[in-house]
Structures are given as structure tokens and as C-alpha cells.
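Chain by chain, the residues run as shown.
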Number of protein chains: 2
Amino acid sequence: MSTARAPEGYDKYAFEPFAVTVDLAVLTVREQRLHVLLVERGQEPYAGAWALPGGFVLPRESSESAARRELAEETGLSDATVAGLHLEQLRTYSEPDRDPRMRVVSVAYTALVPDDLPEPRGGGDAAQARWLPYGTHGPLAFDHDRILADARERVGAKLEYTCLATAFCPPEFTLGELREVYETVWGVELDRPNFRRKVLATPGFVQAVEGPPRLTGGRGKPAALYRAGSATALHPPLLRPEGRSST
Amino acid sequence: MSTARAPEGYDKYAFEPFAVTVDLAVLTVREQRLHVLLVERGQEPYAGAWALPGGFVLPRESSESAARRELAEETGLSDATVAGLHLEQLRTYSEPDRDPRMRVVSVAYTALVPDDLPEPRGGGDAAQARWLPYGTHGPLAFDHDRILADARERVGAKLEYTCLATAFCPPEFTLGELREVYETVWGVELDRPNFRRKVLATPGFVQAVEGPPRLTGGRGKPAALYRAGSATALHPPLLRPEGRSST
DNA sequence: CCAAAAGTGTTAACAGTACACCCATGC
DNA sequence: GCATGGGTGTACTGTTAACACTTTTGG
């Protein structure tokens, strides 16, 4: 804000105040499906409806701090664990009537988490919190359907040219698990040998873990384990086949 | 905001209020350099410093409406013209102390404009408004250096996989002008014949304009004219050479 | 004629695709 | 043995990259 029209003695209370909140699209890959963490609202408006977790930004915290705080509260994870999760600002939603009570501007974040988190618990005024397969829930409260759709689209696109997929995996994972992330989010099947070569040929995407391989659900040859590497960008990108959006 | 802790009878004025503003990183390509539209602040804080144009979001408008309104005011363009310009939400900046006066959350937008706009005029409490080559200005007010750097990085990345470059060009342009956009933003030289083929091979990127070609600054063979096409995505992407960020 | 920029053509290198095939494990 | 998933090899194909060459303008 540069051409601020507020002089030094400006009355901060002269206008109808804005509230600032965060909303979280928390995604994971579970059982070959994309899942979303949703809470059931316990209060009006939209009591009984599913909604994205979120809450008010406190007077002395940034929106990102607020997002991590809310994420910790909803998932029941420690602050230390939440600090390591992938959290990314999605965009800000500011339509004047998006909340019937008052003017609320919401900064939306996307969180990508592995599937090995403890079960979420309802907290605050949320009746319950659950992982639901993407698309199986009815219409969400407020404009959360749109936020969630935007998050899904962004994640799908970012898998192409970043190393983001590892954020869905536990600290040590197999290339099969990593490939499953792509296949689930994109809704396509990828050629296993080519996927393997592509990932290993990208410096810093993954790094091999010393030690014995892991059995993959009992079936098949044990697979080598990898950790997420230090790279964030993916050059050249891993384009999804056919330009299918699978949205 | 789903787990809103504000009941129906919530006192909107109980907390220190948040102000919501927009900041605009308005970019153009002029004389082989990336230029930014900046305003000189006329008031404290940061009086005399350069800053991004912007201002308060009004009680009944969205942040995008506010951004277009501010853009029209700063550039002196009509609302109709501004409505057609490329405007894109960058991200939201919400550090508690980013404005010394009060808690201000700012939604930043990036605008890409052609070089044929009228000269900007100072307006409001801005002493003046000018196009300055990117990087030649000193430190900007508030956290605007960071916002501007984020905008530049985003634009550079988006040129790779979207048709965004046409937003820098006037309604009718030559392929040489389009190539100059890429070369200027990326800071590299591109092979002319290959660039031409790549652009023409992408359906909907550009469409040929009937009629006589245009002389290119007097020198050289006249070039055919094109308009921006209907496509927005660029498949496959046009990767910048060497992964050089040229930031 | 020369310089400059548009536009066309050609070829080698590379990356992506589609397979065939072997390995190790559970049942 | 058989099914399943990991891992290696390889030939085919399309795109990219590099560069030679022609065309049309101004000086």
C-alpha cells in the first residue's frame, strides 16, 4: 500500500472493519485416491455442512503462522512436525459477500501431507474432522468448493514442473509410492520404467537411502528406499500425458 | 473461514481492525528492458521513497476490483481499457509489522501491459508516477522490494508454460517483438528461426493478421503481423535455456 | 553494395514412448 | 508355479538446437 490515503492521525475505526482468516486445503493420497481434510461446522451459518479447516488470523501473527497453527490444531500434530510440512499460499478470496456475517478476506493455503498422520480430531467449534475422498463430499460451506477446486488444479499443475510430489510421501518412500502420487492426482497411468529413469535422472529430486529395501505390501520384489532431495524445480518438466486435466 | 470462532452476535470492533490493501507490480517491456511503474510517496512513512502503486480495498469491492480501479487511476487509462489488461493475483503479504502505522494485509497483483500506454500521472498522495527500468530504483518503501522480486520471478516462470508474453505486446505485433519479450524478461538470446517455429506450431498462441506487413524500425524485411490467440496454456512449454534464472 | 531483420531448410542430438525381459517376493 | 511389483535394456519417434541460406528493406 503505497498511495495510502491514511494520514498519520487516521482513525482506524472509521470504516467497517475487515476480518482476515485463513482457509486450508489439506490434501493427501490414501488408498489410490486424493483425500481432503474437512471439518463439519457446528454453528451457523452453514451448520452441519462440511468446510475447509481454518480460522482467524490473530492480531500479531502472519497468515502463514495462522495457517500452521490451525493445521496443527486440526490434525493433532506437534508444532515441530507441522513446521516441516509443505504449506503453500494458494490465493486470497475477497468477494464482499463471501461470508454472510461480515466482510471477511481469506488467505487460502494448500497443505500436502503424507498418509501416515494420526487421525484428525474435531476441535474448537467443529463438530468433527475427517479425511474424505475428493469429490465424494457434497457442496461445501462458503466459497470453499471453489477454493478446493483451485487447490486441486494448482497441485496437478505443480507436479509437472516441481518436485512437490515428495510432500505426499513419508520421509522414506519407494519409487512406486511416488509414482502412485502422480497417477492418483493426474488420474492417469504412467509407464513404470520411464518414470523411474526420469526421476533418477533429475539431480536432487530423490536421494537413495542406504540399507535394505522395503517389502511392498507383501507382493513383489522389495523396493529401494529414497528420501526427498534438495531440488525444488524439475527441469525438464514431467508433463502429464495427453494434456488430460482429469478434473 | 470455517471454524470461525465468531458467533452471530460477535462484536466486529472487539479486535484491533485489519486494513486490506492492494499493491500492483505493473510491468512492461520498453527499449529492451523490463520496466516497472512506480510512484513517489508524498507522505510519511517513506515520504520521498519509490513504491508500488496501490491503495485500500473499499468496503464493498473485491481486491481484484480494487486493483483494476487503482491501475486505472495510476495509468490514466479508461476503465474499459484497463478491463482488458492482464491482471493476476500474485500473493498476499501479511507480516504483522510490514506497515508501521497499523496492521495492513496487502493482496499483491501483477499487471502486464504493452508499451503504448499514455504516460502515467501522479495521483492521490503520490508526488509522481514513472516508468523505471527494473533494478535501477533504490530500495522501495515497505516490503515492496520483495513483492516486486516475487512478481518478476513469477512472470519469468509463467512465460515458460503459458501464452502470457502476448500481454506485453500491443494488439498487433510481430514475432520479433514477441521474441524480444522473452529475451528481455529472461535475459537470454533465443534462436530466431526456432522461436518462430515453436510459436507458430502452438495452436492458439498467435493468429495471423491479414494485410500488409509492418516495417521493423526501418531496418530489415517487413514482418508479418499477429494477434494474441485464444490459448492460455503452452503445451509443450517453451523452456528457457540452461535453467538460468537471470534474476 | 552492405547491414539488419524476416523467413525457410537441414541435420544431429536428445528426450519421451512403448515395449520386451529378468529379478525377488508371497501364496 | 504363478501373480505381482521392482528394476534393466532397447529400439522407435518426435522435438529441440544449431546453423546455413534466401529475401526484403534502409542507407
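> Describe in detail the overall build of chain A, supporting the description with residues and values.
Per the secondary structure count, chain A includes five helices and nine strands. N-terminal to C-terminal, the α/β element order of chain A is β-β-β-β-α-α-β-β-β-α-α-α-β-β. Counting every position in chain A, which comprises 247 residues, the buried fraction comes to 52%. By sequence separation, contacts in chain A at least 24 residues apart represent 67% of the contacts at least 6 residues apart. Of the roughly 11100 Å² of accessible surface on chain A, a fraction of 51% belongs to carbon and sulfur atoms.

> Any details on the interface of chain B and chain A? Residues and values, ideally.
Listed by partner, the interface residues are 65 residues for chain B and 65 residues for chain A. Taken together, both faces of the contact between chain B and chain A bury some 5300 Å²; the carbon and sulfur share is 53%. Viewed at the interface, chain A and chain B are joined by two salt bridges. A salt bridge links Asp 97 of chain B to Arg 60 of chain A, with the shortest nitrogen-to-oxygen separation between them at 3.0 Å. Seen at the junction of chain B and chain A, the total is 14 residue pairs in polar contact (both at pLDDT 80 or more).

> An account of the relation of the copies chain B and chain A is needed here, citing residue identities and associated values.
Mapping between the two copies of the chain is achieved by a rotation about an axis and a shift along the axis. Mapping chain B onto chain A calls for a rotation angle of 179° and an axial translation of 0.0 Å; the resulting RMSD is 0.1 Å. What we have between these two chains is a two-fold relation.

> Account for unusual backbone geometry, naming residues and giving values.
Residue and element names in this part refer to chain A. Cis peptide bonds are those with omega within 30 degrees of zero, and the linkage from His 235 to Pro 236 qualifies with -5°. Its location among the elements puts Pro 236 in the segment after strand 9 (226-228). Phi at Glu 31 takes a positive value of approximately 50°, unusual for a residue other than glycine. With respect to the helices, strands and loops of the structure, Glu 31 is situated in the loop between strand 1 (19-30) and strand 2 (33-41).

> How would you summarise the pattern of salt bridges if you had to cite specific residues and measurements?
Residues and elements named next belong to chain A. Tallying each qualifying case throughout the model produces 32 salt bridges over all chains. In this structure, the salt-bridge partner of Arg 101 is Asp 99, at a minimum N-O distance of 2.8 Å. Each member of the pair, Arg 101 as well as Asp 99, is classed as buried. The shortest N-O distance in the salt bridge between Arg 146 and Asp 150 comes to 3.9 Å.

Rules used in this analysis
Residues numbered from 1 in each chain as written. Chains lettered and ligands numbered in written order. Predicted model: local features only at pLDDT ≥ 70, side-chain atom pairs only at ≥ 80, totals over all residues. Heavy atoms only, no water. Helix = DSSP H or I, 4+ residues; strand = E, 2+ residues; numbered from the N terminus. Buried < 20%, exposed > 50% of the residue type's maximum accessible area, 1.4 Å probe, protein only. Contact = heavy atoms within 4.5 Å. Areas by Shrake-Rupley, 256 points an atom, 1.4 Å probe, with all protein chains shown as cover. Buried area = accessible area lost by both parts, 1.4 Å probe. Salt bridge = Lys/Arg side-chain N within 4 Å of Asp/Glu carboxyl O. Polar contact = N/O pair within 3.5 Å; in protein donor to acceptor, adjacent residues only side chain to side chain. Least-squares fit on C-alpha atoms with pLDDT ≥ 70 in both.

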